Amino acid sequence: MNGLAWLQGLWEQGKQRLNPHSLQFQLTVGIALVSAVGISSITAVIAWQLDRLIVTSHKRQVATLAERFTESVEIYSEMMSTPAAMQRAISHLTTGDTLIWVESPDGEIVAMSEALAMGGRDQQVLEIAEQGISPIPEIYAINQGYWIMCGNTLEVQQQDWGKVHLAHDITGDQRMFYRLIGMLGGVSVVAIGGMTIAIAVYIQKSLKPLQQMRQQTAALSAEQLGKEELVLTNAPSELHQLETAFNQMLKRFHESWEQQRQFVSNVSHELRTPLTLVCGYLQSTLRRGQNLSEPQQEALTIAASEAKRTVQLLEDLLELARAENHHLHFRQAPILLNDFVREVVDMSKQYSQRTIEFKPDRALVEVLADQDRLKQVLLNLIDNAVKYSEPEQPITIIVEKEENQGVIKVCDRGPGIPLAQQSRIFERFYRLDEARSRTEGGVGLGLSLVQTLVEGMGGTVSVRSQLQEGSTFIVTLPILEN
Ligand code: ADP
């Protein structure tokens, strides 16, 4: 396989997988979405709980510190003045990230942590506290940092000493928490991505039996109905049940197809002999019918031609039935196409009174075929060209030699065949234009028989056609090498 074909294959595969209407796409997206929502919810709940845990433990710590401060001041004030006791308690309880200060009822700060006395960044904490803070520890965002703060009235030896404020810096812990959340988010995204890929692969594998089923059924033709069966490998039990039901249905199709074929063959056989007799009698009556009136002669002519046409149709049906039952035998012999096709063309010219041009190859083209069958094929194709083009339009028959095959082309300048129908015209009873075909007397068996006969001789038949320009039927036959 070359690079371009490989890329094309990859592109087709990708397109198929990304088809929003495909089961594979819908299942993958659905399960991936549910997993993504699940993982994200778990991450969000963990983050919320962790945040609550950190903040609550710090709040509890600040509340305990507030209680211990009041107790310490009470104890120290028995040994020294109350302001000195406050300062002592502050020095004793203050840590690096905790600030304590006492504000007298007239708004003056009577004792404070050393860090506050030195000024600096913590001044903003004082400003927030001045605006009034709750007695229960609460979190405040100050200057891109986070603090837990509270302010309580301070009573020492039944005397009101104003308010004690506590502020605990939790910025470090909060940042660490946010880093942790970031990491958790990253891990979640990777987990969702990994899961999506794993789900896609798993679903693709699970749907493989369906793909097998599609491929096998697409390859089934009417002839293979009785011989072939669906075989699914590594399929789940539900699909095996479907496989069995499908195979039973194929069997029933095969039986009714066989019955139908047998019926057509029997009817054709039974009708052919009496109809041939009728046809013969009609023709001999016509020949000896000098004393018949003109309308009688006309009626007899129509009856004879219809009977002849029906006998031909029955012959075709029988021929097809024989081919399907492998009872059609070909007497393959060397045929020089240059001469043989010329004879058939001359015969057709007399019969149809049309301009039929013959263009043989300069080289001699000798093929292996059954003479009678090939004649039948050519007459059929020329007959179609005559039927489906206007009388003034020429018909051309070409004989060519190509690599290892002889080619016969029957070209007309008729209305052409739409692309969508080109492959269907070889089907039995398929007619492009019912009304026109009916008036021309066709039943849609000619090309089907042509294909059966040509393939029986080891050749192929195809059509190339363009609307309003005409059609070319191409017959290839195995060449006889000298
Ligand atoms: P029929 O007996 O109807 O001619 P055929 O099997 O020979 O049946 O052809 C099938 C259909 O293909 C025809 O009904 C006709 O519509 C179309 N067809 C065949 N040959 C030609 C042609 N040369 N030009 C246009 N249409 C054609």
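Above this note sits the structure.
Along every chain, residues carry numbers that run from 1 in the direction the sequence is written. The predicted nature of this model means local features are confined to residues of pLDDT at least 70 and side-chain atom pairs, given and counted, to a pLDDT of 80 or more, with totals for whole chains, interfaces and linings taken over all residues. Side-chain metrics rest on all non-hydrogen atoms present in the structure, leaving aside hydrogens and water.

Undergrad: Pulling in residues and values, what's your account of the site of the ligand?
TA: In this text, near means that some heavy atom of the residue lies within 4 Å of the molecule or strand in question. Around the ligand, the surrounding shell holds 19 residues, and the nearest of these are Asn384, Tyr388, Asp412, Leu432 and Leu447. We call two N or O atoms a polar contact when they sit within 3.5 Å, provided that within protein one can donate a hydrogen and the other can accept it, with sequence-adjacent residues counted only if both atoms are side-chain atoms. Interatomic distance of 2.8 Å between a side-chain N/O atom of asparagine 384 and an oxygen atom of the ligand. Between the ligand and leucine 447, the relevant distance is 2.8 Å, taken from an oxygen atom to a main-chain nitrogen or oxygen of the residue. The Shrake-Rupley method, run with a 1.4 Å probe, gives the accessible areas here. Residue values count only the displayed protein chains as cover. In the complex, 98% of the free accessible area of the ligand, which totals 530 Å², lies under the protein chains. Among the secondary structure elements, those contributing two or more residues to the shell around the ligand are helix H11 (371–387), helix H13 (434–440), helix H14 (446–456) and strand S12 (470–478). In DSSP terms, a helix is any run of H or I states spanning at least four residues, a strand is any run of E spanning at least two, and both are numbered starting from the N terminus.

Undergrad: Tell me about the pairing of S12, residues and numbers included.
TA: With eight of nine residues buried, S12 is to be regarded as a mostly interior element. The pairing criterion is simple: DSSP has to find at least two bridges between the two strands. Of the strand pairs in this sheet, strand S11 (residues 460–466) and S12 are connected by seven bridges, and their pairing is antiparallel. Residue pairing for S12: threonine 460 is matched across the bridge by threonine 476. Adjacent in sequence and paired antiparallel, S11 and S12 are bridged by three residues, among which glutamine 468 carries a positive phi angle near 65 degrees. Think of it in three bands: residues with accessible area under 20% of the maximum for their type are buried, residues over 50% are exposed, and the middle band is partly exposed, with areas taken using a 1.4 Å probe on protein chains only.

Undergrad: Break down the side chain of threonine 43 for me, citing the residues and quoting the values.
TA: The residue threonine 43 is located in helix H2 (residues 23–76) in this model. Exposure remark for threonine 43: the relative accessible area of 14% places this residue in the buried category. Reaching out from threonine 43, the side chain makes a polar contact with the side chain of serine 188 at a distance of 2.9 Å. When checking whether two residues touch, look at their non-hydrogen atoms; a contact exists if any pair is within 4.5 Å. With residues up to four places along the chain from it excluded, the contact list for threonine 43 reads Leu184, Gly185 and Ser188.

Undergrad: Break down the sheet that holds strand S4 (residues 145–156) for me, with residues and values.
TA: Read from one edge to the other, the open sheet built from five strands follows the order S2-S1-S5-S4-S3, with strand pairing classed as antiparallel. Each edge of the open sheet carries a strand with a single partner, namely strand S2 (109–112) and strand S3 (138–142). The sheet shows a mean angle of 30 degrees between the axes of neighbouring strands, taken without regard to direction. Looking at chain direction, strand S1 (residues 98–103) and S2 are connected through three bridges and run antiparallel. Across the sheet, residue glutamate 103 finds its bridge partner in S2, namely isoleucine 109. With axes taken as lines fitted to C-alpha atoms, and helix axes fitted only over the stretch in contact, angles between N-to-C directions fall between 0 and 180 degrees. H2 contacts S1, S3, S4 and strand S5 (159–169) of the sheet and is inclined by roughly 30 degrees relative to S4.

Undergrad: Requested: an account of the sheet that holds strand S9 (residues 395–402), with residues and values cited.
TA: Taken in spatial order, the five strands line up as S7-S9-S10-S12-S11 in an open sheet, and their pairing is mixed. Two strands lie at the open edges of the sheet, namely strand S7 (356–359) and S11, each paired on one side alone. Mean inter-strand twist for the sheet, computed between neighbouring axes without regard to direction, equals 15 degrees. Alignment of strand S10 (residues 405–411) against S12, held across seven bridges, turns out to be antiparallel. Note on S12: the bridge partner recorded for valine 407 is threonine 476. In the packing of helix H10 (residues 337–352) onto the sheet, the strands contacted are S7, S9 and S10, and the crossing angle to S7 comes to about 175 degrees. Across the sheet, H11 is in contact with S7, S9, S10 and S12; its angle to S10 comes to roughly 25 degrees.

Undergrad: Can you lay out the pattern of salt bridges for me, pointing to particular residues and giving the numbers?
TA: Any carboxyl oxygen of Asp or Glu that lies within 4 Å of a side-chain nitrogen of Lys or Arg is treated as forming a salt bridge with it. Following the criterion strictly, the structure yields nine salt bridges and no others. The salt bridge partner of arginine 261 is glutamate 258, with a shortest N-O separation of 2.7 Å. Placement of the pair is arginine 261 and glutamate 258 together in helix H8 (residues 237–287), with a separation of three residues, close to one helical turn. For arginine 261, a relative accessible area of 15% puts it in the buried group. Measuring nitrogen to oxygen at the nearest pair gives 2.9 Å for the salt bridge that ties glutamate 427 to arginine 424. Residue classification places glutamate 427 among the partly exposed residues on the basis of a relative accessible area of 34%. A residue is classified by how much of its surface remains accessible, and arginine 424, at 36% relative accessible area, is partly exposed. Residues joined in a network through salt bridges with shared partners are Glu319, Arg322 and Arg373.

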